[in-house]
Amino acid sequence: WMPRAKERPIDIHQLKIREEVESLTQLQWISPSMQVATAENLREALAEALRGGERFVLHLSAHCMLRPGLRLLLEDSCSMAHAISETELAEMGDWNQENLLLVILACGSEAFVQSLRQRSGLRCAICCKEEVFDRAAGLFCRAFYHALSCGHSVSRSHEIAQG
C-alpha cells in the first residue's frame with residue numbers, strides 16, 4: 001500500500017487525541033514530550049529511552065492499515081502520510097529495553113506489537129486488538145495513566161483502564 005501523492009493523515013481521518021494529550025500533561029510523575037509521529041521522531045524517542053535508564057513510556061497514537069500488508073501510518077516532514085511496514089518499525093531502534101513501555105493506540109496495533117516481540121524482543125506494550133474509537137482511546141488513556149501514576153503495575157493499570 002502506498003499513499004496517494006497528495007494524501008495527508010488529515011484526509012484519512014484526523015485523530016482526536018486531545019483527551020490523550022490532556023491525560024499525559026496532567027500527570028505529575030512524567031514530563032511528556034509531544035511530537036508529530038514521524039519515523040525520525042520515533043527513532044529519536046527509542047534512542048532517548050536507551051540513554052535514560054528509567055521508565056520510558058513511548059505513547060503512539062496513529063492509524064494502522066491491516067490490508068494489503070500491515071502498515072503503520074506516520075507522517076513525513078511535510079505532514080504527508082508515511083506508511084511503514086512492521087519490518088521498518090522493527091529496524092527503527094532497540095525495542096528490547098527493560099525500561100520501555102510502548103503504548104500504541106491504533107486500530108489493530110496488536111499485530112505490530114506481536115511482530116516487535118518476535119523480531120526485536122519488545123518486552124512490554126499496550127495495544128489494540130481491533131478497531132477503537134478515538135473517544136474510547138482517550139478514556140482508556142486517562143484511566144491507564146492515572147492508575148500507573150498511583151503506583152499500580154502496568155498489567156493492573158491496564159485492567160483498571162478497561163474498567
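All values reported here derive from a predicted model rather than from experimental measurement. (Residues numbered from 1 in each chain as written. Predicted model: local features only at pLDDT ≥ 70, side-chain atom pairs only at ≥ 80, totals over all residues. Heavy atoms only, no water.)

### Structural notes on the confidence of the model for the protein
Per-residue confidence for the protein gives a mean pLDDT of 80, with 80% of residues at or over 70. Contacts from residues 1-11, a stretch scored under 50 in pLDDT, to residues over four places away or in other chains number 24 contacts. (pLDDT = per-residue confidence, 0-100. Contact = heavy atoms within 4.5 Å.)

### Describing the layout of surface pockets
Here the second largest pocket is characterised by a volume of approximately 310 Å³. Lining the second largest pocket are 16 residues, and of these Cys-127, Cys-128, Phe-140, His-158 and Gln-162 sit closest to its centre. At the level of elements, strand S6 (125-126), helix H6 (134-149) and helix H7 (154-162) are the ones that each hand at least two residues to the lining of the second largest pocket. Tallied by class, the residues present in the lining of the second largest pocket amount to 10 nonpolar, two polar and four charged. (1 Å grid on protein atoms, 1.4 Å probe; cavity = no way out; pocket = protein on both sides within 12 Å on 5 of 7 lines; lining within 4 Å. Points joined across faces, edges and corners; volume = space filled by probe spheres on them. Helix = DSSP H or I, 4+ residues; strand = E, 2+ residues; numbered from the N terminus. Nonpolar A, V, L, I, M, F, W, Y, C, P; charged D, E, K, R; others polar.)

### Some details on the packing of aromatic side chains
Under the criterion given, the structure shown has two aromatic pairs. Note on Phe-140 and Phe-144: the rings are 5.7 Å apart at their centroids and 10° apart in plane angle, and the pair reads as stacked. Of this pair, Phe-140 and Phe-144 both sit in helix H6, four residues apart, roughly one helical turn. We classify Phe-140 as buried; its relative accessible area is 15%. Given a relative accessible area of 0%, Phe-144 falls into the buried group. Members of the aromatic cluster, connected to one another through ring pairs, are Phe-140, Phe-144 and Tyr-145. (Phe/Tyr/Trp six-rings, centres within 6.5 Å; stacked < 30°, edge-to-face > 60°. Buried < 20%, exposed > 50% of the residue type's maximum accessible area, 1.4 Å probe, protein only.)

### Points about H7
Because an α-helix completes one turn every 3.6 residues, residues spaced three or four positions apart along the sequence face the same direction. Every buried residue belonging to H7 is among Val-154, Ser-157 and Ala-161, and all of these are buried. Seen from one end, H7 has its buried residues packed into an arc of 60°, which puts them on one side. Taken together, the buried residues of H7 touch strand S5 (100-105), S6 and H6. Looking at the residues trailing H7, positive phi occurs at Gly-163, about 45°. (Arc of directions from axis to C-beta.)

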